[in-house]
Amino acid sequence: MKKYLCMLLSVVLFISFNITAMAINDDAVSTDDIFIAEKSPINELIESLDEDSYGGAYYDNNGNLVILSLNDSALQRSALLTNAIKNDVAGVTVRLETAQYSMAELTTARDRLLDQADKFDIVAAGFYEPDNTLCVYVADITDEKKSAIKEEVGIERIRFFESTGAFGNDVPEASAHAEMEEVPYGISPTVRPGQWVYMHRISSNWSTVMIPAVRNYQQSNQQLGFLTVAHGWQVGDTASNGNVSLGTCSNIWRGTYADAAFIPSNRTQSLTSKYSKYITSRGNAIANMTVWLQGANGEQSGIVLATGVTFPMSAHTSSPVYPALTYKNCFTFNFTPIAGDSGGALISKNTNNNNYSIKGYNIGYFGATGHGVACQWNYLEDTYNILPAQLN
């Protein structure tokens with residue numbers, strides 16, 4: 001296979017803005033007036049498991065949740081798991097399956113490979129949980145390279161994907177934003193996941209609304225607004241849709257586990273996406289889960305492939321400018337997002353009520369495979385005290 005000059009990941013950054021419009025003057029907003037998307041009970045279940053006995057999780061072809069176990073007795077010390085096996089959880093049947101490696105062991109192996117990324121031409125590495133193994137994206141893959149990587153970590157059933165190192169930053173053509181018709185002055189538009197957002201500092205910088213959100217819920221500094229992708233944005237950038245201002249970016253969280261921007265806003269908002277999907281819960285993506293990308297260009301769907309995906313991202317030196325960094329614990333999905341869809345929410349369907357749950361947000365894709373890559377939702381919540389929300 002032809003060797004590509006650049007071996008850093010090929011992640012096309014789509015500038016996707018997440019917009020949640022809510023009142024800036026939050027002193028007048030009672031917490032009783034705010035609807036918070038609840039935490040997924042399936043994610044609560046997984047978080048309760050013994051880490052030394054837990055080998056990952058995935059959905060099988062029948063939609064059952066499979067928990068991989070090195071020690072059933074140790075895992076079932078979790079009352080949540082015991083109850084789920086007997087009674088299901090959120091309408092999903094749960095069963096145990098024997099694992100060879102714990103997630104702690106797989107994490108150590110993944111990190112060992114990433115420490116030698118240059119030696120093996122590794123673009124990214126993570127977990128392929130259905131096989132209780134690693135998933136490795138490699139430039140110019142060969143049988144010799146596969147054997148060397150397996151020998152390095154002592155794991156035989158590694159899932160390999162070839163990925164180029166080309167790096168791009170496409171933005172959609174202006175004609176793609178025909179839907180952004182001017183809103184009459186004095187009218188407050190309802191901002192929804194999946195809508196376009198325009199950043200004024202760079203005339204060609206369009207992105208996708210992720211989700212309405214509240215920061216520091218029930219605290220004295222509670223603040224309503226919306227989220228979008230961070231790459232390309234700066235604190236102080238103003239956002240709009242049509243001729244209506246949506247707010248000014250107050251926070252950028254980019255690097256390690258997040259790529260998100262927060263924009264306080266005085267516009268009305270809704271957790272029902274542009275594609276009529278009502279988001280009522282939140283959690284992290286699980287392997288083989290069906291997800292829908294709420295992109296400004298359109299809705300796409302597919303399945304979650306790898307989790308725990310960690311990779312370096314090149315700096316972008318032309319507009320929009322952003323530095324190089326390493327993303328950790330992302331997930332990949334089996335379709336290619338479209339330029340402009342960065343920040344678009346990845347959501348899954350709730351079995352018990354036919355509503356939806358946000359699992360993460362799109363930040364780009366790996367070249368050659370075309371696999372999309374997304375940050376997990378929970379890191380925003382756990383680190384920056386952000387919750388998906390709308391006014392009742």
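Attention in this report is confined to the structure presented alongside it. (Residues numbered from 1 in each chain as written. Predicted model: local features only at pLDDT ≥ 70, side-chain atom pairs only at ≥ 80, totals over all residues. Heavy atoms only, no water.)

This brings us to unusual backbone geometry. The backbone of Asn-216 shows a phi angle near 55°, a positive value even though the residue is not glycine. A relative accessible area of 11% places Asn-216 in the buried class. (Buried < 20%, exposed > 50% of the residue type's maximum accessible area, 1.4 Å probe, protein only.)

Next up on the list: the pairing of strand 22 (residues 345-349). For strand 22, the buried fraction is high: 4 of the 5 residues fall into the buried class. In the sheet, strand 18 (residues 290-294) pairs with strand 22 via 2 bridges, with the strands oriented antiparallel. Bridging from a neighbouring strand, Leu-293 pairs with Leu-346 of strand 22. Two elements, strand 22 and strand 23 (residues 356-365), share 5 bridges in a ladder whose sense is antiparallel. Residue pairing across strands places Lys-349 opposite Tyr-356, the latter belonging to strand 23. (Helix = DSSP H or I, 4+ residues; strand = E, 2+ residues; numbered from the N terminus. Pairing = 2+ DSSP bridges.)

Let us look at the nonpolar core. One broad trend across soluble globular proteins is that nonpolar side chains are buried collectively. The biggest cluster of nonpolar side chains holds 43 residues, and the ones touching the most others in it are Leu-65, Ile-67, Leu-134, Val-136 and Ile-149. Sort the elements by how many residues they give to this core and helix 4 (residues 103-115) lands first, with 4 residues. Ile-149 has contacts with Leu-113, Phe-120, Ile-122, Val-136, Val-138, Ile-158 and Phe-160, leaving out every residue within four places of it along the chain. In terms of nonpolar packing, the next biggest core, distinct from the first, is built from 38 residues, Leu-227, Ala-258, Ala-260 and Cys-330 among them. (Core = buried A, V, L, I, M, F, W, Y, C linked by side-chain atoms within 4.5 Å. Contact = heavy atoms within 4.5 Å.)

The next point concerns the packing of aromatic side chains. Per the stated rule, a full pass over the model turns up 13 aromatic pairs. Arranged with centres 4.5 Å apart and planes meeting at 15°, the rings of Tyr-257 and Tyr-379 form a pair that is stacked. Of this pair, Tyr-257 sits in the loop between strand 15 (251-255) and strand 16 (258-264) while Tyr-379 is found in helix 7 (residues 378-384), placing the two residues 122 residues apart along the sequence. Given a relative accessible area of 23%, Tyr-379 falls into the partly exposed group. Seen in terms of ring centroids, Trp-292 and Tyr-356 are 5.6 Å apart; in terms of plane orientation they differ by 90°. Their pairing is edge-to-face. Of this pair, Trp-292 sits in strand 18 while Tyr-356 sits in strand 23, and the two are 64 residues apart along the sequence. Of the two residues, Trp-292 and Tyr-356, neither departs from the other in class, the shared state being buried. Counting every residue linked through ring pairs, the aromatic cluster contains Tyr-137, Phe-161, Phe-311, Tyr-327 and Phe-366. A cation over a ring is seen here: Arg-159 above Tyr-128, with NZ or CZ 4.1 Å from the ring centre. (Phe/Tyr/Trp six-rings, centres within 6.5 Å; stacked < 30°, edge-to-face > 60°. Lys NZ or Arg CZ within 6 Å of the ring centre and 35° of its normal.)

Across the sheet, which stays open at both edges, the 3 strands sit in the order 3-4-5 with mixed pairing between neighbours. Of all strands in the sheet, those with a lone pairing partner are strand 3 (54-59) and strand 5 (94-98), marking the two edges. Strand-to-strand twist in this sheet, taken as the mean axis angle between neighbours without regard to direction, amounts to 25°. Note that strand 3 and strand 4 (residues 65-69) share 4 bridges and pair antiparallel. The residue of strand 4 that forms the bridge with Tyr-58 is Val-66. In the packing of helix 3 (residues 79-87) onto the sheet, the strands contacted are strand 4 and strand 5, and the crossing angle to strand 5 comes to about 110°. (Axes fitted to C-alpha atoms, helices over the stretch in contact; angles between N-to-C directions.)

What follows concerns helix 6 (residues 143-153). If you check which residues of helix 6 are buried, you get Lys-145, Ile-149, Glu-152 and Val-153. The buried residues of helix 6 occupy an angular sector of 80° when projected down its axis, which confines them to one face. The outward face of helix 6, more than 90 degrees from its buried face, is lined by the exposed residues Asp-143, Glu-144 and Glu-151. Packed against the buried residues of helix 6 are helix 4, helix 5 (117-120), strand 6 (122-128), strand 7 (133-138) and strand 8 (159-162). Phi for Gly-154, located one or two positions after helix 6, is positive at around 70°. (Arc of directions from axis to C-beta.)

Before going further, it helps to examine the environment of Ile-149. Locating Ile-149 in the fold gives a position in helix 6. Note on Ile-149: relative accessible area 0%, which makes it buried. Between the C-alpha atoms of Ile-149 and Val-136, which are 13 residues apart in sequence, the distance is 9.2 Å.

We now examine the packing of helix 4 against helix 6. Contact geometry of helix 4 with helix 6 gives a least axis separation of 10 Å together with a crossing angle of 125°. Accordingly, the angle class assigned to the pair helix 4 and helix 6 is oblique. Two packed elements cross with a definite hand, and for helix 4 against helix 6 that hand is right-handed. Taking contact as the criterion, the partners of Ala-109, Arg-112 and Leu-113 in helix 4 are, on helix 6, Ile-149, Glu-152 and Val-153. Of the residues assigned to the contact of helix 4 with helix 6, the class counts are 4 nonpolar, no polar and 2 charged. (Parallel < 35°, antiparallel > 145°, perpendicular 65-115°, else oblique. Left-handed = near helix turned anticlockwise from the far one by under 90°. Nonpolar A, V, L, I, M, F, W, Y, C, P; charged D, E, K, R; others polar.)

What follows deals with the pairing of strand 4. A large share of strand 4 lies buried, amounting to 5 of its 5 residues. Once strand 3 ends, the chain turns through 5 residues before running back antiparallel as strand 4, passing Gly-63 with a positive phi of about 80°.

Let us now look at the pattern of salt bridges. Applying the stated criterion to the full structure yields 12 salt bridges. Of the charged contacts, one joins Glu-97 and Arg-95 as a salt bridge, the two residues approaching to 3.3 Å between their closest N and O atoms. For Arg-95, a relative accessible area of 32% translates into the label partly exposed. Note that Glu-152 is salt-bridged to Arg-112, the shortest N-O span being 3.0 Å. Within this pair, whereas Glu-152 is found in helix 6, its partner Arg-112 is found in helix 4, the two being separated by 40 residues in sequence. A network of salt bridges, in which partner residues are shared, links Asp-60, Arg-95 and Glu-97. (Salt bridge = Lys/Arg side-chain N within 4 Å of Asp/Glu carboxyl O.)

In short, shape yes, function no, at least from these values alone.
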